[in-house]
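A closer look at the structure
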Amino acid sequence: MPRLTQAIKHLIIINVILFFAPQLLNLDSTDILTNLFALHYPKNEHFGVWQYITHMFMHGGPAHLLFNMYGLWAFGTPLEQMWGRNKFLFFYFSAGIGAGLIYTFANYYQFNGIYEQLVGMGVSPAEIQNILSSGQYNDSLITLSNKTMSEFYSLYHTPAVGASGAIYGILVAFGLTYPDAKLALIFFPVPIAAKYFIPLIILSDLFFGMTSYSIGNIAHFAHIGGAIIGFIIAWYWKKNQFKFR
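Residues numbered from 1 in each chain as written. Predicted model: local features only at pLDDT ≥ 70, side-chain atom pairs only at ≥ 80, totals over all residues. Heavy atoms only, no water.

Naming follows an unreviewed UniProt entry, where the protein chain appears as Rhomboid family intramembrane serine protease of Tenacibaculum discolor. According to its UniProt record, the protein chain has this under Subcellular location (unreviewed entry): "Membrane". (UniProt positions renumbered as here; feature names shortened; annotations may be inferred.)

Note on placement: asparagine 112 falls in helix H5 (residues 85-120). Under the relative-accessibility criterion, asparagine 112 is labelled partly exposed at 23%. Taking the C-alpha atoms as reference points, asparagine 112 and phenylalanine 152, separated by 40 residues in sequence, lie 9.1 Å from one another. (Helix = DSSP H or I, 4+ residues; strand = E, 2+ residues; numbered from the N terminus. Buried < 20%, exposed > 50% of the residue type's maximum accessible area, 1.4 Å probe, protein only.)

Taking 1.5 Å of rise per residue, 22 residues should cover 32 Å, and helix H4 (residues 62-83) covers 30 Å from first to last C-alpha, within 8% of that figure. The largest bend along H4 measures about 45° and falls at glycine 76, with the proline proline 78 one to four residues further on. One or two steps after H4, the chain reaches glycine 84, where phi turns positive at roughly 95°. (Expected span 1.5 Å × (residues − 1). Bend = angle between axes of the 7 residues up to and from the residue.)

For the rest of this paragraph, the subject is the packing of H5 against helix H10 (residues 220-239). Taken N-terminus to C-terminus, the directions of H5 and H10 make an angle of 140°; their axes are 7 Å apart at the nearest point. Viewed along their axes, H5 and H10 adopt a mutual orientation that is oblique. Here the hand of the crossing between H5 and H10 comes out right-handed. Within the contact between the two elements, H5 uses Lys87, Phe90, Phe91, Ser94, Ala95, Gly98, Ala99, Ile102, Tyr103 and Ala106 and H10 uses Phe221, Ala222, Gly225, Gly226, Ile228, Ile229, Gly230, Ile233, Ala234 and Trp237. Its residues assigned to classes, the contact of H5 with H10 comprises 14 nonpolar, five polar and one charged. (Axes fitted to C-alpha atoms, helices over the stretch in contact; angles between N-to-C directions. Parallel < 35°, antiparallel > 145°, perpendicular 65-115°, else oblique. Left-handed = near helix turned anticlockwise from the far one by under 90°. Contact = heavy atoms within 4.5 Å. Nonpolar A, V, L, I, M, F, W, Y, C, P; charged D, E, K, R; others polar.)

The next thing to look at is the UniProt feature "transmembrane region" (unreviewed entry) in the protein chain. Here, the residues flagged by UniProt with the feature "transmembrane region" (unreviewed entry) are residues 7-25, 56-76, 88-106, 155-176, 183-203 and 215-237. Across residues 155-176, the secondary structure splits into 73% helix and 0% strand, with the terminal C-alpha atoms separated by 33 Å.

Here it is in structure tokens:
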């Protein structure tokens, strides 16, 4: 088992504390922490620029936390050992922030598309804001499907949480560094080389993000965003590694 490196150890500790402390102390602060630290849609009243960093330390449940922290430890440890603490932390936060930005852009595209349709139906901006506030609308005036309107409401109100974007960046960097390492999923325990396994996971996120087949409330475009930023940085460092020796 790889040794727990310093940066990863402290990242795991912070994530665990922020997840369990409010529950252990019986604090009714879950909503407060979510409103303050989770990544909201920019037009939402709870949005703050700092959330592009803080959302990486919030998680939706024990399984979400466990899988992300396992990925951070398993794939991040050899990278921190190779790069060093400061370089690894730069990579981690760059991938996480990039994931949040790309997720926001994807949400804006979807949200604005529905918004323009509503305006085209004669719905005023004030009425649209009322729909977003109350969740109620006049279905005799608005001909969009319930599914579309539910998505519109969800894009505005549902915040993103988790380190998954940064973890996807780490996965890509791991695959570039150790392309022949064998990886497997719990529900598909067949070892596959990282150079095939990781692109397969990213393509599945792209498929689920662009279709209606996604299961659960998963920020697929945050995963893709983290993977893109992680690839750019890791590829550049690998190509120019002589500059860092």
